[in-house]
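If you want the building blocks of each chain, they are given just below.
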Amino acid sequence: MDAVVHNAKHHPIQEMDTTTDSRDYLGHARRDAESKGYDDWLIVDIDAHHVESVSWSEVTSYIEDPVVRHQAMMYQKERIGAPPYGLNGDLGLRYQDVGGRIPHQSSQREKIEEIDVHRDVVLTRRAMHGLALDYMVLFPTPMLFLGMHPQTDMEVFLCNAYNRWLTERIVPGEPGIVSLAVLPFNTPDEALKTVEKMATVDGVIGFCVTSTRYKPVHSNEYMKLYRTIEETGKPIAFHAGYHWQDPSLATCNTFLGMHALGFAWCNIVHMTNWILNGIPERFPQLKSLWVESGLSWVPFLMQRLDDQYLMRQSEAPLLKRMPSEYMAKNCWYPCQPMEKSNIKGVECTFEMINAHSQLLYASDWPHFDFDTPSVIYDLPFLDEKAKRNILGLNAARLFGLNENGP
Amino acid sequence: MEPVRVGAVDEFGDRTKRVVFIGHEEIGVFRLGDEFFAWRNKCPHQGGPVCQGRLYQLVRENLDADMKSHGRVYDDEKLNIVCPWHGLEFDIRTGQHPGTSDLALEPATVQVQAGEIYVLL
Ligand code: FES
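Residues numbered from 1 in each chain as written. Chains lettered and ligands numbered in written order. Predicted model: local features only at pLDDT ≥ 70, side-chain atom pairs only at ≥ 80, totals over all residues. Heavy atoms only, no water.

Observations regarding the overall build of chain A
The secondary structure content of chain A amounts to 17 helices and nine strands. Within the span of chain A, comprising 406 residues, buried residues form 59% of the whole. Counted over contacts in chain A with a minimum sequence separation of 6, partners at least 24 positions apart contribute 78%. Approximately 17200 Å² of chain A is accessible, and the part contributed by carbon and sulfur atoms is 51%. Looking at charge distribution, chain A has the averaged site of its 37 positive side-chain charges lying 3 Å from that of its 52 negative ones. (Helix = DSSP H or I, 4+ residues; strand = E, 2+ residues; numbered from the N terminus. Buried < 20%, exposed > 50% of the residue type's maximum accessible area, 1.4 Å probe, protein only. Contact = heavy atoms within 4.5 Å. Areas by Shrake-Rupley, 256 points an atom, 1.4 Å probe, with all protein chains shown as cover. Lys, Arg positive; Asp, Glu negative; His and termini not counted. Charge placed at Lys NZ, Arg CZ, Asp CG, Glu CD.)

Concerning the overall build of chain B
Helix and strand counts for chain B come out as zero helices and nine strands. In sequence order, chain B lays out its α and β elements as β-β-β-β-β-β-β-β-β. For the C-alpha atoms alone, the extent of chain B along its principal axes is close to 55 × 30 × 20 Å. Going through the 121 residues of chain B one by one, you find that 48% of them count as buried. Across chain B, the fraction of contacts at a sequence separation of at least 24, relative to all contacts at a separation of at least 6, is 45%. With the model as given, the accessible surface of chain B reaches about 5900 Å², and the carbon-plus-sulfur share is 46%.

Focus on the pairing of strand S5 (residues 54–63) of chain B
Note on strand geometry: in a regular strand, side chains alternate between the two faces of the sheet. Residues and elements named next belong to chain B. Note: S5 against strand S6 (residues 69–82), nine bridges, orientation antiparallel. Bridging from a neighbouring strand, Val-59 pairs with Tyr-74 of S6. What sits between S5 and S6 in their antiparallel hairpin is a turn of five residues, with Met-67 showing a positive phi close to 70 degrees. (Pairing = 2+ DSSP bridges.)

Concerning the pairing of strand S6 (residues 236–239) of chain A
All names here are of chain A. Burial of S6 is two-sided: the residues Ile-236 and Phe-238 facing one way and the residues Ala-237 and His-239 facing the other way are all buried. Where strand S5 (residues 204–210) lies against S6, four bridges are found, and the strand directions are parallel. Across the sheet, Phe-207 pairs through a bridge with Ile-236, a residue of S6. As a crossover connection, the stretch from S5 through helix H9 (residues 223–232) into S6 is right-handed. (Right-handed = clockwise from strand over helix to strand, strands pointing away.)

A closer look at the sheet that holds strand S9 (residues 116–120) of chain B
Across the sheet, seven strands lie side by side as S1(A)-S2(B)-S3(B)-S4(B)-S8(B)-S9(B)-S1(B); this open sheet has antiparallel pairing. One side of each edge strand has no neighbouring strand; the edge strands of this open sheet are strand S1 (9–10) of chain A together with strand S1 (4–8) of chain B. Pairing between strand S4 (residues 35–40) of chain B and strand S8 (residues 107–113) of chain B: two bridges, direction antiparallel. Paired with Trp39(B) across the bridge in S8(B) is Pro107(B).

A few points about the environment of His70(B)
Residues and elements named next belong to chain B. Note on placement: His-70 falls in strand S6. Residue class for His-70 comes out partly exposed when judged on its relative accessible area of 48%. Here Asp-64 takes part through its side chain, which lies 2.8 Å from a polar atom of the side chain of His-70. (Polar contact = N/O pair within 3.5 Å; in protein donor to acceptor, adjacent residues only side chain to side chain.)

Structural notes on unusual backbone geometry
Cis rather than trans, the peptide bond between Gln336(A) and Pro337(A) has omega equal to -10 degrees. Inspection of the secondary structure assignment puts Pro337(A) in the loop between strand S8 (331–334) and helix H14 (343–352). With an omega of 5 degrees, the peptide bond between Trp365(A) and Pro366(A) qualifies as cis. Mapping Pro366(A) onto the fold places it in the loop between strand S9 (359–360) and helix H16 (374–377). Notably, Asp364(A) is not glycine yet its phi reads approximately 65 degrees, a positive angle. Mapped onto the elements of the fold, Asp364(A) is located in the loop between S9 and H16. The exposure class of Asp364(A) is buried, given its relative accessible area of 0%. The phi angle at Met67(B) is positive, at roughly 70 degrees, despite the residue not being glycine. In this structure, Met67(B) sits in the loop between S5 and S6.

Examining the layout of surface pockets
Residue and element names in this part refer to chain A. Computed from the structure, the second largest pocket encloses a volume of approximately 790 Å³. Looking at the second largest pocket, it is lined by 33 residues, and the ones nearest its centre are Val-51, Ser-53, Leu-93, Ser-106 and Pro-142. Only helix H5 (103–106), helix H6 (119–131) and strand S3 (135–139) provide two or more residues apiece to the lining of the second largest pocket. The element contributing the most residues to the lining of the second largest pocket is H6, with five residues. Its residues assigned to classes, the lining of the second largest pocket shows 13 nonpolar, 14 polar and six charged. (1 Å grid on protein atoms, 1.4 Å probe; cavity = no way out; pocket = protein on both sides within 12 Å on 5 of 7 lines; lining within 4 Å. Points joined across faces, edges and corners; volume = space filled by probe spheres on them. Nonpolar A, V, L, I, M, F, W, Y, C, P; charged D, E, K, R; others polar.)

Notes on empty space enclosed by the protein
Residues and elements named next belong to chain A. Scanning the model with the defined rule gives two cavities of 30 Å³ or more in all. A volume near 80 Å³ is recorded for the largest cavity. Lining the largest cavity are 13 residues, with Gln-96, Leu-144, Tyr-242, Phe-263 and His-367 sitting closest to its centre. Here the residues of the lining of the largest cavity are counted per class, giving six nonpolar, four polar and three charged. What the second largest cavity holds in volume is close to 50 Å³. As for the second largest cavity, its lining consists of Asp-17, Thr-18, Thr-20, Ser-22, Tyr-25, Pro-103, His-104, Ser-107, Gln-108, Glu-110 and Trp-365. Elements supplying a minimum of two residues to the lining of the second largest cavity: helix H1 (22–25) and H5. Residue composition of the lining of the second largest cavity, grouped by class: three nonpolar, six polar and two charged.

Some points on the nonpolar core
All names here are of chain A. Core analysis: the biggest nonpolar cluster contains 116 residues, and Leu-225, Tyr-226, Trp-274, Tyr-333, Phe-350, Leu-359 and Ile-376 have the highest contact counts within it. Among the elements that take part in this core, helix H7 (residues 152–170) stands out by supplying nine residues, more than any other. Every residue in contact with Phe-350, bar those within four places of it in the chain, is listed here: Leu-295, Met-338, Ala-355, Leu-359, Ile-376, Leu-379, Phe-381, Leu-382 and Ile-390. Listed in part, the 22 residues of the second largest apolar core include Ile-46, Phe-139, Ile-205 and Ala-396. (Core = buried A, V, L, I, M, F, W, Y, C linked by side-chain atoms within 4.5 Å.)

Rendered as structure tokens:
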């Protein structure tokens, strides 16, 4: 050992915490991207998040109703330590970081030196760099629970305020940031107005319904909305969430169990109603996306609905094909979180959902179960064409994005 | 590769770590009591910077003789490194994920000589 002369260099970041720069946090992803040559690939992240409540004073200043806006702004200005005005949130939001084990989920307190753009633009840019993305679709976080708000008006006020704030303050800050206008879906007439208002706004590439809600998606009240969305040519996305107070989910004593089921359950219910009530037959050009439920629920539901449908076709007379055929043709699926403990199961899922055309990459950054593009790139059963489709080209075709990047 | 000096033993407190570069490799060196362990800073889950995570004691379920649960407790003997990307935990001593034998950290060789710690790749 006497001959040893080399000293190891200390890593400048000994421990990641909530102040770590996203570029450092994602440094391994960036290096992986460079070694795989992602810069030559179109990579579209269909589902990433920012924490809009950090900017809640700004967002609420966009509320149109003058009385509610005034109330919200006074509250934001004067109440210390109180939750953001008007948001219902969910208890589960407090458990996402597994007791501090996942600091980027806890919060992003990193230094922002740029003053020419909003903080969320800087954070998004850094994540896009780390993950080697060309486009990132930005979704809110606590607003995902607005479908459970007891005041349906509040969903209208806040969705519309958020959409305006996002498209005026955040989206223009970086060419690759795009958004899906969030619809106040519990008030169908207002959701329709939101579509009409937002359809031609720069950076709005589709519409988002937060899935945690109890209003059936096949209600007649929504037909005009679906027709209008179909006419825009832009997709409708059902973004999953959970509701721990749901009586059956309330039996789960862990966030692990509640989250595993909750994020799939809401979309399982909505998809079932969507298909069995023949929405794809009524609106054949309407493209729907089923976001952040993972993929393993899809083969389950396909087989389950097919099996039952054959015996009870009279209850779903609009269907001309098997439920699974609609699910594999009229619906698109972002992959996150990629459940991949059984690789044969993943391969079978990909076949069943027509992954080569219907599957999209999503990171869900900065959430605790985010995925890097390597979850697709590293799959042993895909050829390069399929990987390129899933990582970006399918999304480009679906949303009309530039295949050469923004 | 030649052994590379990571530091003196007394620079490491009990239950602490140091992340270093050895060539282009990132290695985490951990002290637990009088023992040292070294693991590559690449998580077997999605390649995250596992050694740059936080240290947590292993959590156990507190069952009584009737198999009734009385919540969870920390195990004072077992210390895990938690990957900061998605929270997967790995035993500092064995490198194993506590919940599956399918996932483990990749080891590096660590040696202690004359009060100095060396890592060999
Ligand atoms: S990469 Fe380490 S937990 Fe996922």
